[in-house]
Structures are given as structure tokens and as C-alpha cells.
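Report on the structure
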Amino acid sequence: MKKKILAILLCASLVWQGGSVGAADFSSVDQKSVAVSQRDGRKKNGQLSDVQVDFTDEDSLEDFTDGDIDVLNADDIDVPAEDNTDISKDSEIVNVDEEESFSDSGTETNVGTSTSGKCGENVIWELNASGILTISGSGAIYDYDTLIGSKAPWYTQRSSIKKIIIGNDITKIGQEAFRDLTSLLEIEIPANVCEIGRYAFKGCSSLKKVMFHDNTSSVTLSDGELTFFSLLIDDYAFLNCTSLTELKLPVQTSYLGRDIIGHSKISSIIIPKRVCDNDSSSMPFEYAKNLKEVIFEDGAKSIPSGICSAASFGLTNGITRVVIPNTVTSVGDHAFAYCAYLSDIELPSNITKIGSSAFYQCVSLSEMDIPANVSDIGQYAFYGCSSLKKVMFHDN
């Protein structure tokens, strides 16, 4: 009854004013008092969106009216359809369900198409449409680790990279920097690079040529000692480079990490004398099954411990021949351990010591000539050499 009385009084009031409720009049009233826009508290990439309140819902009306005041129901008023479209014409409608991608600056970005950026403290990279990756600047390239999600910035485009140009002032190729670049054909290493990190070129299955530049520079320390520039090649640097047939190490090479050329096609390699002088390398040819010949550079003073050693009898390399210069005076511990195919080796006359387990499990050795100057043969030096039939000692 109360609603009917209020409706009659309102209609009477409108008639008394000599007017009628037209569509345009209602639209104006609705925009001011009905089509209220409020924040819904939800963020969309840092910005709040406006949400229109539909006052045709009776529950919504109750939220914006006093409980003691009755109101007209929108269904009781005949509003022309063409004017319904104008109710919110001055209000911005935001579709909160639409998903967009924005960068920090608010512009839309396409993730994964970067062709340049930073890859070191003072190092930048650029990849062009021809598949040439250029590294410029100075200092070290960052280390990366795919196992924990840290990948080189060009990793998503790795299959398109055919060539790498490294600037002359780059000093380090970081861990996994060029891993799995399956289309890379060749790489040139500048003379100032002093370190190649773990797995740096692992899985570059099309890589056929690696070119190093010699660096013979030296520095005289305060105590008068002369120190030469040196290159460290860390563990597994060229592992699984299945097309690589040659690796000519530069003169400044001083350390060879574990299994650096495993599963490559390299059949012969020359070990620089600084590697021998350092005596700290770690089984660099552990699984090099295609490696047949190892030549130690003339001027080397010793054969480093474990330099040609394999992992075990069942997991061996393919070394069959070793050439040792006359300048060598000692063979390190485990130097040729588990070289199951080694059959051709001659110890030079200046050798004085054969280390422990030096030829351990070299099952293809059939004879050994021990020079007259040898004064120390370590324990297990020839243990497990099951094919060894003849050992010749020389009087001194």
C-alpha cells in the first residue's frame, strides 16, 4: 500500500509540473544519481579499473538508499530502447577479463624476441637476422646455469646462431655461455681470453672449427718473477661437440679441465708445454673415444698427473699413441691410467721417475723400455697391464 501511495504522489507531482518523464530526462537523472561508478579494488598491471554498478538490480538499489525511503523500481518505468544505450555513454567501461601484456613502461611487449642486451658487467650482445652473434665491450661474459633456470639471453634463439664474433677485449667466456648452439659452425677465440668456463660450448653439435690466437705477453712481478699470460679451459668446455675434428690449443694454455672434448671427432691433439709445467689438469680426455694420438709439445718438463687418464676400465678413451719429447724428466701419477687402447709409447732417455699407477690397467701395452736414468718407479705403475710381455731395463 505504501509503495502505491508514493507512486501516485510522484506521478501527480510530475503532472502538476506540467511535464512528462521523457527518455532524455530520465537519462540525465540516471547518469547523475543511478549510473554511479566506483572502484572495485582490483588492480590491473598497477592501475585500478572502473566497474559500473547496475542499478536495475534491486539488491544494488538497497546498497545506495536509506532503509526508510522507498524507491521506484526501474521495471515500473517505460524507457525507450534507443535511449538505454546512452545511460553510460560518459563513463569508461573496462573489460577486466581481457588479458594484456605490458612492460614496466606500460607498452605492450612480445616476450622472447630480444636481439640485443647485456651479458656482462661491461659486455653487450647483439644477434642479427643472419644468425651472427656479436659480443662486444670488455671484461667477462656472465656465468649461466640452465639447471637452475639461469640461461644466456640468446638461449631461446640458439638454433639460429651460425657464427659468433667475440671482441678483442673480452677476457672470459662464462659458464654455459654458448651451450647448445646447434647451428654454430665456427668460433674464433681472441688472444685476451684467459678463461673458458664449464660447458661453455657443450652441445654445439655443428661446430667444426675453433680458432685460438696465441698470446705470449708476460708481466714481471715485484719480486722479479716473470709471469706469462695464461688460458684456463674448464671442465666439459667442448663436450658433445660431435662435429669438431680439430682443436689447436694456443701456447698460453695452462690448464685443461675434465673431459673437455668428450664425444667429439678429434683424433689428435698437441698439449702445450705450459699445461705440463702447471701439473694441475684433470683428466681432460676422459671419454674422448675418437682421440687416437696425444703429442706433448717440445720443451715440456713433465707429463702431468692424470693428463690422459680415463674414468675406469669400462669407460675409457681411444688413445693408442703418445709422443713424449726428450725434455720430459718425469711421468706423473695416473698419467695414463685406464688407457685401454694405448700400445705405442716411448719414454725418452731423460726420464728419471715414473709415478704411481702411471700405466695402471693399460691392457694393450705389450712391451716397455725403461730408460737408464729412471731411479723411481711408483707403486702399481704397471698394475693390470695384462698384455705386457716384455720390460727392458738399461744399465747405468
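Let me begin by describing the structure that accompanies this report. Keep in mind that what you see is a predicted model, and the values were worked out from it rather than measured. (Residues numbered from 1 in each chain as written. Predicted model: local features only at pLDDT ≥ 70, side-chain atom pairs only at ≥ 80, totals over all residues. Heavy atoms only, no water.)

1. Let's talk about the sheet that holds strand β8 (residues 170–173)
The 5 strands lie next to each other as β6-β8-β10-β14-β15, forming an open sheet whose pairing is parallel. Two strands close off the open sheet at either side, each with one partner strand: β6 (139–140) and β15 (253–256). (Pairing = 2+ DSSP bridges. Helix = DSSP H or I, 4+ residues; strand = E, 2+ residues; numbered from the N terminus.)

2. Notes on the sheet that holds strand β21 (residues 344–345)
Two pairing modes exist for strands in a sheet, parallel and antiparallel, and in both the strands are linked by backbone hydrogen bonds. Across the sheet, 4 strands lie side by side as β16-β17-β19-β21; this open sheet has parallel pairing. Edge positions in the sheet fall to β16 (268–271) and β21, since each has one partner strand and no second. The pairing of strand β17 (residues 293–296) with strand β19 (residues 321–323) spans 3 bridges and is classified as parallel. Each bridged residue has a counterpart across the sheet, and for I295 the counterpart in β19 is V323.

3. So, the side chain of N215
Relative to the helices and strands, N215 is located in the loop between β11 (209–212) and β12 (218–220). Taking relative accessible area as the criterion, N215 reaches 8% and is therefore assigned buried. Reaching out from N215, the side chain makes a polar contact with the side chain of S217 at a distance of 2.6 Å. The contacts of N215, once residues within four sequence positions are left out, are A191, N192, F229, V251, Q252 and R274. (Buried < 20%, exposed > 50% of the residue type's maximum accessible area, 1.4 Å probe, protein only. Polar contact = N/O pair within 3.5 Å; in protein donor to acceptor, adjacent residues only side chain to side chain. Contact = heavy atoms within 4.5 Å.)

4. Some thoughts on the pattern of salt bridges
For the structure on display, the rule yields 7 salt bridges. Here R179 ties to D180 by a salt bridge, and the two come within 3.3 Å at their closest N and O atoms. Judged on exposure class, the residue R179 and its partner D180 are both buried. Among the ionic pairs, R321 bridges to E293, the shortest N-O distance being 2.2 Å. Taken together, the residues R321 in strand β19 and E293 in strand β17 connect sequence positions 28 residues apart. Residue E293 is classed as partly exposed on the basis of its relative accessible area of 21%. (Salt bridge = Lys/Arg side-chain N within 4 Å of Asp/Glu carboxyl O.)

5. Description of the environment of T320
Position of T320 relative to the elements: it lies in the loop between β18 (302–303) and β19. Take T320: its relative accessible area is 27%, and that puts it in the partly exposed class. Considering only alpha carbons, one finds T320 and D344, 24 residues apart in sequence, at a separation of 6.2 Å. Discounting residues that sit within four places of it in the chain, T320 has contacts with K292, Y341, L342, S343 and D344.

6. Considering unusual backbone geometry
Backbone geometry follows two general trends: most residues other than glycine have a negative phi, and most peptide bonds adopt the trans configuration. Backbone geometry places N240, a non-glycine residue, at a positive phi of 65°. Owing to a relative accessible area of 27%, N240 belongs among the partly exposed residues under this scheme. Positive phi values are uncommon outside glycine, yet D259 reaches one of about 50°. Structurally, the position occupied by D259 is in the loop between β15 and β16.

7. Side note on the nonpolar core
Ranked by size, the top nonpolar core spans 76 residues in total, and within it I135, F178, F201, F238, F296, F336 and F359 carry the most contacts. With 3 residues, strand β4 (residues 123–127) is the single largest residue contributor to this core. Apart from residues lying up to four places away in sequence, F336 is in contact with F296, I303, C308, V322, I324, V331, L342, I345, A358, F359, Y360 and C362. (Core = buried A, V, L, I, M, F, W, Y, C linked by side-chain atoms within 4.5 Å.)

8. Digging into the packing of aromatic side chains
Within this structure, the stated rule accounts for 11 aromatic pairs. Arranged with centres 5.5 Å apart and planes meeting at 70°, the rings of Y338 and Y360 form a pair that is edge-to-face. Here the residue Y338 occupies a position in the loop between β20 (330–331) and β21, and Y360 occupies one in the loop between β22 (353–354) and β23 (367–370), the gap between them amounting to 22 residues. Owing to a relative accessible area of 22%, Y338 belongs among the partly exposed residues under this scheme. When the centroid spacing of 5.7 Å and the interplanar angle of 85° are considered together, the rings of Y380 and Y383 count as edge-to-face. We classify Y380 as partly exposed; its relative accessible area is 49%. For Y383, a relative accessible area of 44% corresponds to the partly exposed category. Ring pairs connect the aromatic residues W125, Y144, W154, F178, F201 and F238, which therefore count as one cluster. (Phe/Tyr/Trp six-rings, centres within 6.5 Å; stacked < 30°, edge-to-face > 60°.)

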